[in-house]
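Working through the structure, step by step
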Amino acid sequence: MAGRYVFKMFCGERIIGSVTGYDNETSKFKIVYEDCNNDLIDKEILLRTLAPPTLVDWMFDSQRIPRLLCILQQKVLDDEEQEGRLGFVFIENDGVDEHMIWLIELENLFSRHLPHVPKEYIVRRVLDLNNKSVMVIRRNQDVVGGITYRPFLSQGFMEIAFCAVMANELIKGCETRLMNHLKQHARDMEGVTHLLT
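Cut-off values and rules
- Residues numbered from 1 in each chain as written.
- Predicted model: local features only at pLDDT ≥ 70, side-chain atom pairs only at ≥ 80, totals over all residues.
- Heavy atoms only, no water.
- Helix = DSSP H or I, 4+ residues; strand = E, 2+ residues; numbered from the N terminus.
- Buried < 20%, exposed > 50% of the residue type's maximum accessible area, 1.4 Å probe, protein only.
- Contact = heavy atoms within 4.5 Å.
- Areas by Shrake-Rupley, 256 points an atom, 1.4 Å probe, with all protein chains shown as cover.
- Salt bridge = Lys/Arg side-chain N within 4 Å of Asp/Glu carboxyl O.
- Axes fitted to C-alpha atoms, helices over the stretch in contact; angles between N-to-C directions.
- Parallel < 35°, antiparallel > 145°, perpendicular 65-115°, else oblique.
- Left-handed = near helix turned anticlockwise from the far one by under 90°.
- Nonpolar A, V, L, I, M, F, W, Y, C, P; charged D, E, K, R; others polar.
- Core = buried A, V, L, I, M, F, W, Y, C linked by side-chain atoms within 4.5 Å.

Along the backbone of the chain there are 7 helices and 9 strands. Across the 197 residues of the chain, 39% fall into the buried class. In the chain, 53% of the contacts between residues at least 6 apart in sequence involve partners at least 24 apart. Just so you have it, the chain exposes about 11,300 Å², and 54% of that area is on carbon and sulfur atoms.

Here's what the structure looks like:
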């Protein structure tokens with residue numbers, strides 16, 4: 001049943017949802033709706049609320065299901081982040097061994113995604129003492145994406161040097177979340193109001 005679409009009526013409007021899993025403890029199906037609400041329903045109700053193919057086609061045409069899929073992606077990433085399977089780390093070249101390993105992994109990621117840029121240039125930018133990086137870390141060890149940037153605090157902007165995310169993470173919406181973390185950090189910690197790419 002996972003991946004099937006359901007609908008409910010709320011204030012006279014049809015709201016589409018997607019079955020995301022099954023809870024063995026309660027014997028109920030987990031549903032995420034396009035209005036970001038979650039629900040647990042039993043099989044009997046689920047079968048009554050399954051969306052017919054004509055409704056699903058109409059929802060795709062009206063762009064509501066693609067919007068729902070974005071919400072589902074963000075929900076999955078929220079869960080992974082809360083469970084500690086996915087993390088966003090801000091580091092710079094400070095000589096700490098773990099940070100240096102992550103910076104080298106990030107440099108290798110940039111080199112794979114930017115094959116025409118000389119590797120020496122990428123190394124110089126990533127390891128520059130004036131530059132900082134934000135990385136997507138999976139399971140506290142694997143660098144799966146990142147952005148290297150240089151803050152110009154007196155002028156109130158940041159220059160983004162490189163940005164890359166592994167292909168298998170792109171479809172999950174990691175790049176959007178990575179950029180949102182950078183923007184939030186820039187606003188809150190650095191006092192930056194503009195990003196230069």
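Here the narrative resumes.
One pass over the structure, following the stated rule, counts 5 salt bridges. Between R177 and E81 there is a salt bridge, with its nearest N and O atoms 2.6 Å apart. Remark: E81 occurs in helix α3 (residues 64-83) and R177 occurs in helix α7 (residues 174-190); sequence separation between them is 96 residues. In this structure R177 comes out as buried when scored by relative accessible area, which is 11%. For the salt bridge of R85 with E83, the shortest nitrogen-to-oxygen distance reads 2.5 Å. Judged by relative accessible area, R85 falls into the partly exposed class, the value being 38%.

As a further point, take the packing of helix α4 (residues 97-113) against helix α5 (residues 119-126). Viewed as axis vectors pointing N to C, α4 and α5 meet at an angle of 140 degrees, and their least axial separation amounts to 10 Å. In terms of their interaxial angle, α4 and α5 are classed as oblique. Along this stretch, α4 crosses α5, giving a crossing that reads as right-handed. Here L103, E107, N108, F110 and S111 of α4 come into contact with α5, specifically with K119, I122, V123 and V126. For the contact of α4 with α5, the class distribution of residues is 5 nonpolar, 2 polar and 2 charged.

Take the nonpolar core next. Ranked by size, the top nonpolar core spans 16 residues in total, and within it L86, V136, I147, M158, C174, L178 and L182 carry the most contacts. Only β5 (86-92), β6 (132-138), β7 (142-152), β8 (157-165) and α7 provide two or more residues apiece to this core. For this core, the leading source of residues is α7, giving 4 residues. Residues within four places of C174 in sequence aside, it is in contact with L77, L86, V136, V165 and E169. Grouped together as the second largest cluster of nonpolar side chains are 13 residues, I91, M135, I137 and F162 included.

Attention now moves to the environment of R125. Within the secondary structure, R125 sits in helix α5. Residue class for R125 comes out buried when judged on its relative accessible area of 15%. R125 sits 18 residues away from E107 along the chain, and the two C-alpha atoms are 9.0 Å apart. With sequence-adjacent residues up to four places away left out, R125 is seen in contact with N131, T148, E159, A161 and F162.

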